[in-house]
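Close look at the chain arrangement
As a plain string of letters, each chain reads:
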Amino acid sequence: MSISQDDPNRAAARIRLLQEHDASLPRLAVLMEEMQAHYEVPCPARAEIIAGLQARPQGAEILVAEQEESVIALCAFSAIYPGPGLKPGIFLKELYVGRMSRGLGVGRALMRELAAFAGRRGLSRIDWTADAQDDRLLAFYDEIGGVAKPEKLFYRLDGEALARLGGEAS
């Protein structure tokens, strides 16, 4: 899929599904380094990022938006089951648009392509989390038709708690 608007300030980008041994993995790794810096979290070395991309778990998929020789945005997601009515859906793990491409319609184009992807695969919904303090992001999700679900809480099990609980398995 390609996006290109009449406005000359809009980005023209090609959106496609990342392949297992994709030639753009090093360019995607550069964007992921930017993403980690944006979130102010540690980032592994580029070679480690690329190895992680090549070893993605089955079902972990990534849409990339490319412009010229750069990956300017990504949308990482996985199919999930079951959901309401015992229907399958998508969990959107990450939507990230590089800082130089924000406000150009790339995020909307990625979400549009993800929605079309869900339709082609017979997946009935897309779920995601969002930073409750990021008003611009929340406005974007509202604008595309997302509905906040305040009755749900986001939980995480990691680090020592994950190891401790896993150690209880026989």
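Everything discussed here concerns the structure shown above.
Summarised in this report is the structure supplied together with it. In this text the structure is predicted, and so the values were computed from the model without any measurement.

What counts, and at which threshold
Residues numbered from 1 in each chain as written. Predicted model: local features only at pLDDT ≥ 70, side-chain atom pairs only at ≥ 80, totals over all residues. Heavy atoms only, no water. Helix = DSSP H or I, 4+ residues; strand = E, 2+ residues; numbered from the N terminus. Rg over C-alpha atoms; globule rule 2.2 N^0.38 Å. Buried < 20%, exposed > 50% of the residue type's maximum accessible area, 1.4 Å probe, protein only. Contact = heavy atoms within 4.5 Å. Areas by Shrake-Rupley, 256 points an atom, 1.4 Å probe, with all protein chains shown as cover. Lys, Arg positive; Asp, Glu negative; His and termini not counted. Charge placed at Lys NZ, Arg CZ, Asp CG, Glu CD. Salt bridge = Lys/Arg side-chain N within 4 Å of Asp/Glu carboxyl O. Pairing = 2+ DSSP bridges. Disulfide = S-S within 2.5 Å. Polar contact = N/O pair within 3.5 Å; in protein donor to acceptor, adjacent residues only side chain to side chain. Phe/Tyr/Trp six-rings, centres within 6.5 Å; stacked < 30°, edge-to-face > 60°.

Once that is clear, we can look at the overall build of the chain. Counting secondary structure elements, the chain contains five helices and six strands. Written out in order from the N terminus, the α and β elements of the chain read β-β-α-α-β-β-β-α-β-α-α. Here the chain has a C-alpha radius of gyration of 17 Å; the compact-globule value for 170 residues is 15 Å, and the two agree. Viewed in the frame of its principal axes, the chain has a C-alpha envelope of about 60 × 40 × 35 Å. Burial status across the chain gives 34% buried among its 170 residues. In the chain, 58% of the contacts between residues at least 6 apart in sequence involve partners at least 24 apart. A total of about 11,100 Å² of accessible surface is found on the chain, and carbon and sulfur atoms cover 53% of it. Side-chain charges in the chain split into 20 positive and 24 negative, and the spacing between the mean points of these groups amounts to 5 Å.

Taken as a whole and judged by the stated rule, the model has ten salt bridges. The salt bridge partner of R16 is E66, with a shortest N-O separation of 2.9 Å. Placement of R16 in strand 2 (residues 13-17) and of E66 in strand 3 (residues 60-67) is noted, with a sequence separation of 50 residues between them. For R16, a relative accessible area of 17% corresponds to the buried category. The shortest N-O distance in the salt bridge between D127 and R125 comes to 2.9 Å. Assessed through its relative accessible area of 16%, R125 is described here as buried. Here the salt bridges share partners, and the residues they tie into one network are R14, R16, D22 and E66.

Judged by how many residues are buried, strand 3 sits mostly within the fold: six of eight residues are covered. Sheet topology places strand 2 next to strand 3; four bridges connect them, and they run antiparallel. Directly across from I15, in strand 3, lies its bridge partner A65. As paired elements, strand 3 and strand 4 (residues 70-80) share eight bridges and run antiparallel to each other. Along strand 4, the bridge assignment pairs Q67 with S70.

Turning our eyes to something else, we now look at the state of the cysteines. Inspection of every chain in the model, using the stated rule, returns zero disulfides. In this model C43 remains outside any disulfide bridge; the closest cysteine sulfur is found in C75, 19 Å from its own. What makes C43 partly exposed here is its relative accessible area of 35%.

The next subject is the side chain of E94. Examined against the element boundaries, E94 turns out to sit in strand 5 (residues 89-97). By relative accessible area, which is 15% here, E94 ends up buried. Side chain to side chain, E94 and Y39 meet in a polar contact 2.9 Å long. Those residues in contact with E94 that lie beyond four places of it in its chain are M35, Y39, L74, C75 and A76.

What follows deals with the packing of aromatic side chains. One pass over the full model with this rule turns up four aromatic pairs. Here the aromatic residues W128, F140 and Y141 are joined through ring pairs into a cluster of three or more.

Limitation: the analysis is restricted to geometry and does not speak to function.
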